[in-house]
Amino acid sequence: MRIATWNVNSAKQRMPRLLTWLEARQPDVVCLQETKLTDVAFADLLNEPLGDLGYEVAHHGQGGFNGVALLSRVGLADVERDFPGQPVFRGDTEARAISGTCDGVRIHSLYAPNGREVDSDHYAYKLEWFDALAAAIAAGPAAVALCGDMNVAPADADLFDPAAWVGQTHVTVRERQRLAALGLIDVTRVHWPEHPRLFSYWDYRAGMFHQDLGMRIDLVLASPPVAERVAAAWVDRAARKGKLPSDHAPVIVDLDEAPDGDIGPVVPPPSNPRRTGRTKLPHALD
DNA sequence: ATGGTGGAGTTTCCA
């Protein structure tokens, strides 16, 4: 099963690219963020072309800002908008979370609050949002993947220059603690433990992408039953190139088949690490 | 030149 997550920065502006990219990459499950559309507008624009590509679609949007979607061609069950305990900002529950079960995995498409300035009301909201998310995930299914724009760079290695972020959001200890407290595995980093430029976001301004001055804030965070199935995990930088790109690149993760629980009593071959149960994966979140 | 881009939606806010 191929899972992808992409902050498209307006599904309307990105529609031609999105459809071309889906055909090229053939993801089975797609998490989108910053659609910036209402549910009606998203459906009017995309339900037909996405249906033609074989996807079931669930969208949660408010128009203008935020907006998340979940596409699946391997089943899309028990769709939930928001998550239990999700905080409000200035009275509004923002459209930042949608989840569904796809081929046995609970998939969350998430757009974390930006935080704006450290210690602003938006920053406090961001921390509360992560706290509530952690509680909701802990109470949910064991096989889970959080996919999306988490607006936190897990480590300094996820920044082109850590000095450029001193005093700014996305890198503070409190934000990184919230990310780590989710207790999940950052599967892209696990598969590229030493990669110095595993960025997923580059500011539109000042030629940042062309100089590869970016940061990694788009993540797939998986629980052990999912993480141990990861065969590949990468950032699709090509999708950031060319005309009218999003400022984010997609992250793509391939999962091996789930272990089959219906083949009778199994004595797992001890030489196969996939069957010996997960003990430890390197480079979990700091 | 006192800025750099892009998307929202009206005029400035947001990222």
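Treat the numbers as computed from the prediction; the structure is a model and nothing was measured.

Thresholds, definitions, all that
- Residues numbered from 1 in each chain as written.
- Chains lettered and ligands numbered in written order.
- Predicted model: local features only at pLDDT ≥ 70, side-chain atom pairs only at ≥ 80, totals over all residues.
- Heavy atoms only, no water.
- Disulfide = S-S within 2.5 Å.
- Buried < 20%, exposed > 50% of the residue type's maximum accessible area, 1.4 Å probe, protein only.
- UniProt positions renumbered as here; feature names shortened; annotations may be inferred.
- 1 Å grid on protein atoms, 1.4 Å probe; cavity = no way out; pocket = protein on both sides within 12 Å on 5 of 7 lines; lining within 4 Å.
- Helix = DSSP H or I, 4+ residues; strand = E, 2+ residues; numbered from the N terminus.
- Contact = heavy atoms within 4.5 Å.
- Axes fitted to C-alpha atoms, helices over the stretch in contact; angles between N-to-C directions.
- Parallel < 35°, antiparallel > 145°, perpendicular 65-115°, else oblique.
- Nonpolar A, V, L, I, M, F, W, Y, C, P; charged D, E, K, R; others polar.
- Phe/Tyr/Trp six-rings, centres within 6.5 Å; stacked < 30°, edge-to-face > 60°.
- Near = heavy atom within 4 Å.
- Polar contact = N/O pair within 3.5 Å; in protein donor to acceptor, adjacent residues only side chain to side chain.
- Pairing = 2+ DSSP bridges.
- Arc of directions from axis to C-beta.

Some points on the state of the cysteines
Turning to step 1, where the next piece is worked out: Enumeration over the complete set of coordinates arrives at zero disulfides.
Turning to step 2, where the next piece is worked out: Cysteine cysteine 31 shares no disulfide, and the gap to the nearest cysteine sulfur, in cysteine 147, comes to 4.1 Å.
Turning to step 3, where the next piece is worked out: Residue cysteine 31 is classed as buried on the basis of its relative accessible area, which comes to 0%.
Turning to step 4, where the next piece is worked out: Judged by its relative accessible area of 0%, cysteine 147 is buried.

What about the UniProt feature "binding site: Mg(2+)" (unreviewed entry) in chain A?
Turning to step 1, where the next piece is worked out: Taken from the UniProt record, the annotation "binding site: Mg(2+)" (unreviewed entry) applies to Asn7, Glu34, Asp149, Asn151, Asp247 and His248. What stands out for the annotated residues spanning 242 residues is how close their C-alpha atoms remain, the widest pair being 13.1 Å apart. Checking the annotated residues one by one, the ones that line the largest pocket turn out to be Asn7, Glu34, Asp149, Asn151, Asp247 and His248.
Turning to step 2, where the next piece is worked out: Following the sequence through the fold, glutamate 34 ends up in the loop between strand S2 (29-33) and helix H2 (39-52).
Turning to step 3, where the next piece is worked out: A relative accessible area of 13% places glutamate 34 in the buried class.
Turning to step 4, where the next piece is worked out: Glutamate 34 has contacts with Asn7, Val8, Asn9, Ser10, Ala11, Asn66, Gly67 and Tyr111, leaving out every residue within four places of it along the chain.

A few points about the packing of helix H1 (residues 11-25) against H2
Turning to step 1, where the next piece is worked out: Contact geometry of H1 with H2 gives a least axis separation of 11 Å together with a crossing angle of 10°. Judged on the interaxial angle alone, H2 and H1 are roughly parallel. Taking contact as the criterion, the partners of Ala11, Lys12, Met15, Leu18, Leu19 and Leu22 in H1 are, on H2, Phe42, Leu45, Leu46, Pro49 and Leu50.
Turning to step 2, where the next piece is worked out: For the contact of H1 with H2, the per-class residue count stands at ten nonpolar, no polar and one charged.

Some details on the packing of aromatic side chains
Two numbers describe a pair of aromatic rings. These are the distance of the centres and the angle of the planes.
Turning to step 1, where the next piece is worked out: The tally for this structure, following the rule as stated, stands at six aromatic pairs.
Turning to step 2, where the next piece is worked out: Judged by centre distance (5.4 Å) and plane angle (70°), the ring pair of phenylalanine 83 and tryptophan 129 falls under edge-to-face. Taken together, the residues phenylalanine 83 in the loop between strand S5 (77-81) and strand S6 (97-102) and tryptophan 129 in helix H3 (residues 121-138) connect sequence positions 46 residues apart.
Turning to step 3, where the next piece is worked out: Judged by relative accessible area, phenylalanine 83 falls into the buried class, the value being 6%.

Considering the protein's contact with DNA strand B
Turning to step 1, where the next piece is worked out: Around DNA strand B, the structure places Asn9, Ser10, Gln13, Arg14, Gly64, Phe65, Tyr111, Asn114, Arg116, Tyr204 and Arg205.
Turning to step 2, where the next piece is worked out: Each atom of DNA strand B within 4 Å of the protein belongs either to a base or to sugar and phosphate, the latter forming 81%.
Turning to step 3, where the next piece is worked out: At a separation of 2.5 Å, a phosphate oxygen of DNA strand B approaches a polar side-chain atom of serine 10.

Comments concerning the sheet that holds strand S1 (residues 2-7)
Note: strands within a sheet are paired through backbone hydrogen bonds, in either parallel or antiparallel orientation.
Turning to step 1, where the next piece is worked out: Read from one edge of the open sheet, six strands run S3-S4-S2-S1-S12-S11, paired in mixed fashion. At either end of the open sheet lies a strand with only one pairing partner, and these are strand S3 (56-60) and strand S11 (230-235). Across the sheet, the mean angle from the axis of one strand to that of its neighbour is 10°, orientation sign disregarded.
Turning to step 2, where the next piece is worked out: Note that S3 and strand S4 (residues 68-72) share five bridges and pair antiparallel. If you follow alanine 58 over to S4, its bridge partner there is leucine 70.
Turning to step 3, where the next piece is worked out: Packed onto the sheet, H1 meets S1, S2, S4, S11 and strand S12 (251-255) and runs at close to 160° relative to S1.
Turning to step 4, where the next piece is worked out: Contacts from H2 reach S2, S3 and S4, with the element oriented near 165° to S3.

A few points about helix H4 (residues 173-181)
Turning to step 1, where the next piece is worked out: Listed as buried for H4 are Glu175, Arg176, Arg178 and Leu179. Along the axis of H4, the buried positions cluster into a sector of 155°, meaning they face one direction only. Away from its buried face by more than 90 degrees, H4 exposes Val173 and Ala181.
Turning to step 2, where the next piece is worked out: At the C-terminal side of H4, glycine 183 shows a positive phi close to 70°.

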